[in-house]
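The lines below spell out each chain.
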Amino acid sequence: MLKKFIVTCVVIITASNTLAQNSSMSYANFSVSKNKIGGEISAVSNTFGISLPLNDTLFMTASFEDSESDNDNIKLDGIQFGLGHIITLNDVTDFVSYVGFGTNTADFDTEDISADIDTRIINLGVRAQVAENTEIQFFVSNTDIDIDAQGNIDFYYESGENTSIDFNVAHYYSDNIALITGIAFDRQGEDINFGLRFDL
C-alpha cells in the first residue's frame, strides 16, 4: 500500500511541472471538524487538519482523527498525510486530485483487543467559488482499507475498497474563516460533517 502511495505522489509531482497555473483559492489553511459516521455501527469523529501549498499547483496535508462509536465500545485515533495537485479550470473553479495515506489504531473495550488500520485514499473533484462568500466542493473518493486484528470484530469500517461521493459547502463569515457543512454517501451509509476552516 505504501509503495502505491509513493508511486502516485511521484506521478502527481511530475504532472505539476507541465500543468502549472495559478489558483485564486487558498490551499493554506487549518481546519477542525466533527463527522457523524453512519452504518450498522455508528460513530462520531473529531478531525484536526492542516494544508500547506508547496508551489502553485501542489499542496500537502496532515491530519489527526479521534473517534468513538456511539455505544462507547470502540475508540480510534490516527494520522493521515497526503499530497494534492491543482488544475485551475477558470477564475472560480479548480480540479483537485489528492492521494493520502493514513494509519490508525482502534481499541475494542468489550473484546479487550485492538486493531491496526492502514488506509490509502484517492480523491478526484472540484472546488468552485459559486458566490463571493460561498464555495462548493464535489469529490469522488476511493479508499483502500486494511484492518489487521486478531479474531472477528464488528467495526464501522470494513477491509477492502470503499468508494464515496462527498459534497461540501463552505461559507465565509470573515475574510479567512469559513463554516463547512457536508454529506458523504458510501456502502456503509451516509456521513454528515461540519467544521471550521481558517485560511492562513
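Higher on the page you've got the structure.
Residues numbered from 1 in each chain as written. Predicted model: local features only at pLDDT ≥ 70, side-chain atom pairs only at ≥ 80, totals over all residues. Heavy atoms only, no water.

(A) Geometry of the packing of aromatic side chains. Applying the stated rule across the entire model yields two aromatic pairs. In this arrangement the basic side chain of R127 is found over the ring face of Y27, its NZ or CZ atom lying 4.5 Å from the centre. (Phe/Tyr/Trp six-rings, centres within 6.5 Å; stacked < 30°, edge-to-face > 60°. Lys NZ or Arg CZ within 6 Å of the ring centre and 35° of its normal.)

(B) A look at the nonpolar core. Residues I74, L76, A106, F108, A115, I117, I145 and I147 constitute the largest nonpolar core, which totals eight residues. Elements with a minimum of two residues in this core: strand 4 (74-90), strand 5 (93-108), strand 6 (113-131) and strand 7 (134-149). Grouped together as the second largest cluster of nonpolar side chains are seven residues, M25, V96, Y98 and F139 included. (Core = buried A, V, L, I, M, F, W, Y, C linked by side-chain atoms within 4.5 Å. Buried < 20%, exposed > 50% of the residue type's maximum accessible area, 1.4 Å probe, protein only. Helix = DSSP H or I, 4+ residues; strand = E, 2+ residues; numbered from the N terminus.)

(C) Quick peek at the environment of T143. The residue T143 is located in strand 7 in this model. The exposure class assigned to T143 is buried, which follows from its relative accessible area of 16%. Note: C-alpha distance between T143 and V99 (44 residues apart in sequence) is 9.8 Å. Other than its neighbours up to four places away in sequence, T143 contacts T119, R120, I121, G160, E161 and N162. (Contact = heavy atoms within 4.5 Å.)

(D) Focus on the pattern of salt bridges. Summed over the entire model, instances satisfying the criterion amount to four salt bridges. Note that E135 and R197 form a salt bridge whose closest N and O atoms lie 3.0 Å from each other. Taken together, the residues span a long stretch of sequence, with E135 in strand 7 and R197 in strand 10 (residues 189-199) at a distance of 62 residues. Where D199 meets R197, a salt bridge forms, and the shortest distance between an N and an O atom there is 3.6 Å. In this structure D199 comes out as buried when scored by relative accessible area, which is 14%. Ionic contacts of the salt-bridge type, sharing partners, join the residues R127, E135, R197 and D199 into one network. (Salt bridge = Lys/Arg side-chain N within 4 Å of Asp/Glu carboxyl O.)

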